[in-house]
Amino acid sequence: MIPKHMALAVAALMASASFVTLADTPVHPADLLGGLKHWHLTLPTSQDRKAFPADQIDQPQLATYSSEWFKLNDKKNAVVFTTNVGGATTSAGTAFARTELRERDAQGEKAAWECLTAERSMTFRQRILKTPTHKPQMSVGQIHDAKNDNLELYYNGPKKNTNGTTDVGKMLAKFNGESSSKAPVLDDEYQIGDMMVVKISTKAGVMTVDYKNERTGKTSTASKPFENVVGGCYFKAGNYPQACTKTNVYGVENPNCSKKSYKPEMFETDPNATAVLEIYSLNID
């Protein structure tokens, strides 16, 4: 039996998720995701064909933007976020490429709300379709401050015999940069392709994740206070695989990947290998 507090949290999660059926067929990804007025997009590409910085798409271009990395699916009921693991990174400080939305404020500037006092929420319905195979780990929703990963909704796949498309792994709530081994487990039998509904919220300095797996009916809730906050906070949504290749798709060394102390078998070997996420709805309050 689901504990009463958890049942109430999940009920609130489902009630807050507004899954709108559009009368008109969407043409651009933004059409499906409410116009994306309060977001900008990071891509795994570099116009300069370097290791970094990755390309950014801002409004008003984002309202009509579509590419192989960010597009409607064939049914036009979800947005497909594709990342190549050997793509460009955002800066010299990270090893991993991403196709990811970053929150903007009402004025179009980078959002930076008060982490310890703001009452905010982000609700989304999504599913992972493909993961890296050497290091099958993906961050698929975040709260971030000026320096830290305050919260990551994190897929942690099996360590052996991974194919990236039918694996069964764990969905974790990684708070305050904690390791995967210490993070609360939201779902210990997440199968690639399962639809999840998630609400990430903050209130009185506490972060909460309410989670439901639509296929299995699994529900869970995890909460922790913010720690060691630096500057303001913001939401991120999308596909951020935690895997890389030492040489990127442009034939340039990824210095941060090369510095990783991974076992040799944990480095991806094909820079064009992809991770794929589909988002069906996305709302922030």
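Located above this text is the structure these notes cover.
Residues numbered from 1 in each chain as written. Predicted model: local features only at pLDDT ≥ 70, side-chain atom pairs only at ≥ 80, totals over all residues. Heavy atoms only, no water.

The pairing of strand E6 (residues 120–130) with strand E11 (residues 195–203) spans eight bridges and is antiparallel. Note that in E11 the partner of Thr123 across the bridge is Lys199. Pairing of E6 with strand E15 (residues 274–284) involves eight bridges; the strand directions are antiparallel. Looking at E15, one finds that Ile128 is bridged to Leu277. (Pairing = 2+ DSSP bridges. Helix = DSSP H or I, 4+ residues; strand = E, 2+ residues; numbered from the N terminus.)

Glancing now at the nonpolar core. In this structure, Trp39, Leu62, Ile128, Ile143, Met171, Ile200 and Leu282 are the most contacted members of the largest nonpolar core, which totals 51 residues. Once residues within four sequence positions are removed from consideration, Leu282 is found in contact with Leu33, Trp39, Leu101, Met122, Thr123, Phe124 and Ala237. (Core = buried A, V, L, I, M, F, W, Y, C linked by side-chain atoms within 4.5 Å. Buried < 20%, exposed > 50% of the residue type's maximum accessible area, 1.4 Å probe, protein only. Contact = heavy atoms within 4.5 Å.)

Attention shifts here to the environment of Gln242. Relative to the elements of secondary structure, Gln242 occurs in the loop between strand E14 (234–241) and helix H3 (255–258). Exposure remark for Gln242: the relative accessible area of 9% places this residue in the buried category. Each C-alpha atom, one on Gln242 and one on Gln137, is 5.3 Å from the other, the two residues being 105 residues apart in sequence. Sequence-distant contacts of Gln242, defined by excluding residues within four places in its chain, comprise Phe96, Lys135, Gln137, Met138, Ser139, Glu152 and Tyr154. Here the side chain of Gln242 touches Tyr240 through a polar contact of 2.9 Å, landing on its backbone oxygen. (Polar contact = N/O pair within 3.5 Å; in protein donor to acceptor, adjacent residues only side chain to side chain.)

Moving on: unusual backbone geometry. Cis rather than trans, the peptide bond between Phe52 and Pro53 has omega equal to 0°. Despite not being glycine, Arg49 has its phi angle at roughly 55°, a positive value. By the secondary structure assignment, Arg49 is in the loop between strand E1 (39–42) and strand E2 (56–57). Unusually for a residue other than glycine, Asn228 sits at a positive phi of about 55°. Looking at the secondary structure, you find Asn228 in the loop between strand E13 (219–225) and E14.

The next thing to look at is the side chain of Arg120. Checked against the element boundaries, Arg120 lands in strand E6. By relative accessible area, which is 17% here, Arg120 ends up buried. Polar contacts involving the side chain of Arg120 include one to the side chain of Glu103, which spans 2.9 Å. Within the structure, the side chain of Arg120 is placed 2.8 Å from the backbone oxygen of Asp285, a separation counted as a polar contact. Beyond its immediate stretch of four places on either side in the chain, Arg120 contacts Glu103, Trp113, Ile200, Ser201, Thr202, Phe235, Ile284 and Asp285.

The next subject is the side chain of Ser201. As for its placement among the helices and strands, Ser201 is situated in strand E11. Ser201 sits in the buried class, given a relative accessible area of 16%. Leave out the neighbours within four places in its chain, and Ser201 touches Arg120, Ser121, Val206, Met207 and Thr208.

Going through the model one piece at a time under the given rule, you end up with eight salt bridges. Between Glu100 and Arg98 there is a salt bridge, and its shortest N-O distance comes to 3.1 Å. Classification of Glu100 as buried rests on a relative accessible area of 2%. For Arg98, a relative accessible area of 7% puts it in the buried group. The shortest N-O distance in the salt bridge between Lys224 and Glu178 comes to 2.8 Å. With Lys224 in strand E13 and Glu178 in the loop between strand E9 (168–175) and strand E10 (185–191), the pair connects residues that are 46 residues apart, well separated along the chain. A network of salt bridges, in which partner residues are shared, links Arg98, Glu100 and Lys236. (Salt bridge = Lys/Arg side-chain N within 4 Å of Asp/Glu carboxyl O.)

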